[in-house]
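Coordinate inspection notes
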Amino acid sequence: MELVESSDGVPPAAFRPRPPLSAVHAEPTPGGFDESGSCHCCSNGSSVASLGPGALTGYETLDAPPHYDFYANTEVFGRRRRFRPSLYQLRADPEVDSRPPLYEETTAAQMGGEGSSEEDEEEEQQKEPPPEPARFGWVQGVMIRCMLNIWGVILYLRLPWITAQAGIGLTWVIILLSSCITGITGLSTSAIATNGKVKGGGTYFLISRSLGPELGGSIGLIFAFANAVAVAMHTVGFAETVTDLMYENGAVMVDRVNDIRIIGIITVTCLLGISLAGMAWESKAQVLFFLVIMVSFVSYIVGTITPASPQKQAKGVFSYKADIFATNFVPGWRGPEGSFFGMFSIFFPSATGILAGANISGDLKNPTVAIPRGTLMAIFWTTISYLIISATIGACVLRDASGLLNDTLSVSSSTQGCEGLACLYGWDFTECISNNTCTYGISNYYQSMSLVSAFAPLITAGIFGATLSSALACLVSAPKVFQCLCKDKLYPLIGIFGKGYGKNDEPLRGYLLTYVIAACFILIAELNTIAPIISNFFLCSYSLINFSCFHASITNSPGWRPSFRFYSKWLSLLGAVVCVVIMFLLTWWAALIAFGVVFFLLGYTLYKKPAVNWGSSVQASSYNIALSQCVGLNHVEDHVKNYRPQCLVLTGPPSSRPALVDLVTCFTKDLSLMICGNVVTAGSSQSVVEKASGDSHVAWLNQRKVKSFYRGVVAAELRSGVNMLLQGAGLGRMKPNVLLMGFKKGCCGETPRAAHDYIGILHDAFDLQYGVCILRVKEGLDVSHPPQSEAPVPIGAEPQQSTVFQKRQGKKTIDVYWLSDDGGLTLLLPYLLTRRKRWARCKVRVFVGGEADKREEQREEVLALIKKFRLGFHDVEVLPDVYQNPRPASVHQFENMVGHFRLDPKQDSDSGPQRQQEEQWMISDQDLERNKAKSLRQIRLNEVLQDYSREAALVVITMPVGMRGVCPDALYLTWLDFLSHDLRPPVLLVRGNQENVLTFYCQ
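Residues numbered from 1 in each chain as written. Predicted model: local features only at pLDDT ≥ 70, side-chain atom pairs only at ≥ 80, totals over all residues. Heavy atoms only, no water.

1. Looking at the overall build of the chain
- Within the chain one finds 34 helices and 10 strands.
- Of all 1003 residues assigned to the chain, the portion counted as buried reaches 60%.
- Taking the intrachain contacts of the chain between residues at least 6 apart in sequence as the baseline, contacts between residues at least 24 apart amount to 81%.
- Summed over all atoms, the accessible surface of the chain reaches about 39600 Å², with 58% contributed by carbon and sulfur. (Helix = DSSP H or I, 4+ residues; strand = E, 2+ residues; numbered from the N terminus. Buried < 20%, exposed > 50% of the residue type's maximum accessible area, 1.4 Å probe, protein only. Contact = heavy atoms within 4.5 Å. Areas by Shrake-Rupley, 256 points an atom, 1.4 Å probe, with all protein chains shown as cover.)

Rendered as structure tokens:
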């Protein structure tokens, strides 16, 4: 039989998966294939085996190409979602189960295939889409919000005073130290925020979904509380300014302290009303506040270059003077707070608005882009503004001034006896300086920026805008973080605050709780007292965020793949340590209390074992998961984010296949499970048992510095022995999930029974939900050790064979042929390889099938899908020629290979039962015709591999799956043999178990 027929044959192009891959342009096509490879002709319930030779049968009707929907967990309006076929669907025996192999436990409507008509699709698309909540970009949603939260009360009311205390030089040190801490934290937050798609919940959501509930819960609760207290700080700053204005105009309600309390409570109540009105109103208010602050800055800069009037000079304000700058450059400590860390504790809250954008992550259009860009830009510009304001006000304003116009030096009087720098400019403030009664100057008057400004009311407006915008941002951030924390039910008695209201799920109860906390701290009515309290909480939060980023990096979890590359785990560790050190330098007892609360929350979470599965980095490695299970932490669950290949390697004696051992070591090195399995089939004598479980194998692994378990079993045949290993290897959840085996040279020269047993091992692994990998190297895997002498070889003294997987690969390529979607294992293994130093310089090229006329469009779609996985693969190529007919010479070569297993119908079956049994495993003409298109595809794929990957360091290709009852085992083995034969680089055939091992979600 000829495989290539031009008249009635079915060319491979007929089985080409329908593009595109994106989740937006998908439309089912009745009577053909949809994007998931679903065959609509099977909707009547007939089995694949009953279809004629020209029907759409075999794996091509089920084996789906890569598709966005397979990894998405949300529905897209206007169409039905596609589902990846399961292992059962791929391998279902139609003779045994009459269900259409396209169905799992889903309906036709859920599958988006046979049960849907064109009218249903049109009706679905004509429906009005649900209203979208407000979404913000990186400028308005993150940068402006963060800048407003950073430009708070400290900027206007305390920065001039801090400059007088610490001097311009040390003030710059304080600003830069604060910016370094917030900058490092911003880098860590950016890394966490880009480690998958994020939703609402802000900082708590990012930490908890990336690193688990243990760290996330602690950070979330402390950070929400810190933001609630920050509302009080900014509100007190606003009330303080209003009170000063009232006193200047002779308006007094009770006294200064109680006036601040009354105005503060009224203000925070009004802010609560704005917050309850919704994010749209809050966002409009933030933009207005931003414009007011920018105008106030312009007014201030203009005031510094405008010649000062006598009224301003009496209050210590002059134009730029080098003498004033030099005098104010050095410290002038005063009062109990007069120290570097005292000033730092008061200033640091002004730099803590960096997470204001991350805290509304659910309201951002693209959080993974907006959070890094907006946060880092906000830190940069606000740092520049702080440095400029500190330098300019220190160059224009004296530390002390009386404010009296009579304190001038007459022309005839001398400066002898005159104290202070003002004497050089014709002013004598000696009396107030000596008596410490000066009321003006940057050491005494908190509103000094208003004095300098060209128009003082603009600075007052800026103070109002800065304080109110920061208070409003904190008032919005704290409830959203707290709501997400409450919904996760990590801690008792707080769940009632998680209830949301309205289409945007607004946390009204969280707003009220934040309001109560803020009101309690407003009653303190002293800004210099509230600021250090906030500093400790924010430093604690930033320390935990930086440590979380470091911990996720150091554990080498496969799920830690942030697309933001400009961070360093060691820089994050440094940031965490610096935060802790500064906390103790500020107030050691407050630092102890803060960390006591953190450890209590962490211990409570570990003890209560909440029923959540977010992929905790605390249990990142398989060994930790198993250990946790042994000591009773049964809540620890495997998560797709932390998936690692736990490998069962069929090596025989490990020393006989070092290439297989070395390859698997690259995947599992020191982090996940590796078991070398050996099946001995030479009987069950004592010597055979000792051979299977001998110490020499373990010694060889130790000598090769391979961290692996060894397990030998004695069985009557290879397949039954492998089945024992598949079911019995491992402990608890520390058990293999991927089977790796070698492809022997000349396997198609074996008997049909041998081919049946070899493929049967693959079927057994699939039945047990294993992924399967087959390694084929040109020189073969079997290594013989000729005896050097008659003396016995000592344990562990076998020669160590060097393999290609032990060598540095240099700037070569790893070619990945992702031709069908198996859950992502085909992509994950090359990614893990590139994390090893030997393969780090290799470039990964991803090849997919497609159409020539849509080549660029399909390339962009696949590239966008891979980008969501954050693997760092940028080289994607669409191969339309994989669907072309193979060359006749290749077809002839395949026919010669398959001829060994062909069943001759003319031959009499009188050779006894053994012959009749072997005929069950032979390939009939009907089998060959039924799988003709699939056979042509494997032939063509080998030609493509020869053309594109001749110089690759490694070829990774999605392994085809032969449908049970449709594809004979002998034919399936011939596919694998021909697909990978005659290639110079090693070939790794990979097939996952159809369950996702990659995700673009952070939860």
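2. Description of the packing of helix H17 (residues 456-487) against helix H18 (residues 508-522)
- Relative to each other, H17 and H18 sit at 125 degrees, their axes nearing to 8 Å. Judged on the interaxial angle alone, H18 and H17 are oblique. The handedness of the crossing between H17 and H18 comes out as right-handed. Each of Leu475, Val476, Ala478, Pro479, Lys480 and Phe482 in H17 lies in contact with H18, whose residues at this interface are Gly510, Tyr511, Leu513 and Thr514.
- For the contact of H17 with H18, the per-class residue count stands at 7 nonpolar, 2 polar and 1 charged. (Axes fitted to C-alpha atoms, helices over the stretch in contact; angles between N-to-C directions. Parallel < 35°, antiparallel > 145°, perpendicular 65-115°, else oblique. Left-handed = near helix turned anticlockwise from the far one by under 90°. Nonpolar A, V, L, I, M, F, W, Y, C, P; charged D, E, K, R; others polar.)

3. So, the packing of aromatic side chains
- Considering all chains together, one arrives at 35 aromatic pairs under this definition.
- Here Phe348 and Tyr542 contribute two aromatic rings whose centre-to-centre distance is 6.2 Å and whose plane-to-plane angle is 70 degrees, an arrangement assigned as edge-to-face. Remark: Tyr542 occurs in helix H19 (residues 527-554) and Phe348 occurs in the loop between helix H13 (340-347) and helix H14 (367-396); sequence separation between them is 194 residues. Tyr542 shares its class with Phe348; the two are buried.
- Taken together, a centroid distance of 6.0 Å and an interplanar angle of 50 degrees make the contact between Phe538 and Tyr542 tilted. Taken together, the positions of Phe538 and Tyr542, both in helix H19 and 4 residues apart, correspond to about one turn of that helix.
- Its relative accessible area of 1% is what places Phe538 among the buried residues.
- Here Tyr542 falls in the buried class, since its relative accessible area comes to 0%.
- Of the aromatic side chains, those joined through ring pairs into one cluster are Phe223, Phe344, Phe348, Phe538 and Tyr542.
- Across from the ring centre of Tyr501, 5.2 Å away, lies the NZ or CZ of Lys499, which sits over that ring.
- The ring of Phe1000 carries Lys868 above its face, with NZ or CZ at 5.6 Å from the centroid. (Phe/Tyr/Trp six-rings, centres within 6.5 Å; stacked < 30°, edge-to-face > 60°. Lys NZ or Arg CZ within 6 Å of the ring centre and 35° of its normal.)

4. Brief notes about the nonpolar core
- Among the nonpolar cores identified, the biggest contains 145 residues, and Tyr156 and Tyr542 are the most heavily contacted of them.
- Among the elements that line this core, the one with the most residues is helix H8 (residues 213-248), at 17 residues.
- Residues in contact with Tyr542, not counting those within four places in the same chain, are Ile181, Thr182, Thr185, Phe223, Phe348, Ala351, Thr352, Gly353, Ile354, Leu355 and Cys579. (Core = buried A, V, L, I, M, F, W, Y, C linked by side-chain atoms within 4.5 Å.)

5. Some words on the state of the cysteines
- Enumeration over the complete set of coordinates arrives at 2 disulfides.
- With its sulfur 1.7 Å from that of its partner, Cys418 forms a disulfide with Cys423. Since a negative S-S torsion denotes a left-handed disulfide, the Cys418-Cys423 link at about -85 degrees is left-handed.
- The buried category is assigned to Cys423, whose relative accessible area is 7%. (Disulfide = S-S within 2.5 Å.)

6. A word on a nonpolar patch on the surface
- The grouping of Phe584, Trp588, Trp589, Leu592, Ile593 and Val597 at the surface amounts to a nonpolar patch, some 640 Å² of accessible area in total.
- The leading source of residues in the nonpolar patch is helix H21 (residues 588-608), at 5 residues.
- Considering the arrangement of structural elements, one finds Phe584 in helix H20 (residues 569-586). (Patch = residues over 30% accessible without salt bridge, like charges linked within 9 Å, V, L, I, M, F, W, Y side chains within 5 Å. Salt bridge = Lys/Arg side-chain N within 4 Å of Asp/Glu carboxyl O.)

7. Let's talk about the pairing of strand S2 (residues 674-680)
- Of all 7 residues in S2, 7 are buried, a share of seventy percent or more.
- The side-chain alternation of S2 yields two buried faces, one formed by Met674, Cys676, Asn678 and Val680 and the other by Ile675, Gly677 and Val679.
- Pairing analysis gives 4 bridges linking strand S1 (residues 647-650) to S2, with the strands arranged parallel. Residue pairing for S2: Leu650 is matched across the bridge by Gly677. (Pairing = 2+ DSSP bridges.)

8. Describing helix H4 (residues 138-150)
- Along H4, the helix axis deviates most sharply at Ile144, where the bend reaches about 25 degrees.
- Counted residue by residue, H4 has 10 buried out of 13 residues, so it is predominantly covered.
- Turning to H4, its buried residues number three or more, namely Gly141, Val142, Met143, Ile144, Arg145, Cys146, Met147, Leu148, Asn149 and Ile150. (Bend = angle between axes of the 7 residues up to and from the residue.)

9. Some points on unusual backbone geometry
- Its identity is not glycine, yet Lys705 carries a phi of approximately 60 degrees, on the positive side.
- Mapped onto the elements of the fold, Lys705 is located in the loop between helix H25 (695-703) and strand S3 (709-714).
- Phi at Gln994 is positive, roughly 75 degrees, even though this residue is not glycine.
- By the secondary structure assignment, Gln994 is in the segment after strand S10 (987-991).

10. Considerations on the environment of Val772
- Here Val772 lies in strand S5 (residues 771-776).
- On the basis of relative accessible area, Val772 is assigned to the buried category, the value being 0%.
- Sequence separation between Val772 and Leu762 is 10 residues; the distance between their C-alpha atoms is 7.1 Å.
- Beyond its immediate stretch of four places on either side in the chain, Val772 contacts Leu739, Leu762, Ala765, Phe766, Met959, Leu989, Val990 and Arg991.

11. Digging into the sheet that holds S1
- The strand order S3-S2-S1-S4-S5-S10-S9-S6-S7-S8 describes an open sheet built from 10 strands, whose pairing is mixed. Two strands lie at the open edges of the sheet, namely S3 and strand S8 (875-879), each paired on one side alone. On average, each strand axis in the sheet is tilted by 20 degrees relative to the strand beside it, whichever way the strands run.
- As paired elements, strand S9 (residues 954-958) and S10 share 4 bridges and run parallel to each other. Looking across to S10, one finds that Ile957 is bridged to Leu989.
- Seen against the sheet, H25 touches S2 and S3 and runs at an angle of roughly 155 degrees to S3.
- Each of strand S6 (813-817), strand S7 (843-849), S8 and S9 touches helix H33 (residues 932-948); the most contacted strand, S6, lies at about 160 degrees to it.

12. Details of the packing of helix H12 (residues 322-329) against H14
- Across the interface, H12 lies against H14 with an axial gap of 6 Å and an inter-helix angle of 115 degrees. H14 is crossed by H12, and the crossing has right-handed handedness. Across from Ile324, Phe325 and Asn328 in H12, the residues of H14 making contact are Ala391, Gly394, Ala395 and Cys396.
- For the contact of H12 with H14, the residue count by class is 5 nonpolar, 2 polar and no charged.

13. Description of a positive patch on the surface
- A contiguous patch of positive charge, built from Lys669, Lys705, Arg808, Lys837 and Arg838, is present on the exposed surface.
- Looking at where Arg808 falls in the secondary structure, it is placed in the loop between S5 and S6. (Lys, Arg positive; Asp, Glu negative; His and termini not counted. Charge placed at Lys NZ, Arg CZ, Asp CG, Glu CD.)

14. Digging into the environment of His234
- By the secondary structure assignment, His234 is in helix H8.
- On the accessibility criterion, His234 (3% relative accessible area) is buried.

15. A short note on the confidence of the model for the chain
- Per-residue confidence for the chain averages 78 on the pLDDT scale, and 80% of its residues sit at or above 70.
- A low-confidence stretch, residues 4-61 (pLDDT under 50), is modelled with 131 contacts involving residues beyond four sequence positions or located in other chains.
- Low pLDDT, under 50, characterises residues 93-129; the stretch is placed with 71 contacts to residues that sit more than four places away or in other chains. (pLDDT = per-residue confidence, 0-100.)

16. Quick look at the pairing of S1
- Alternating residues of S1 divide into Cys647 and Val649 and Leu648 and Leu650, and every residue in both groups is buried.
- At this point the chain moves from S1, through helix H23 (residues 658-668), to the parallel S2, and the crossover so formed is right-handed. (Right-handed = clockwise from strand over helix to strand, strands pointing away.)

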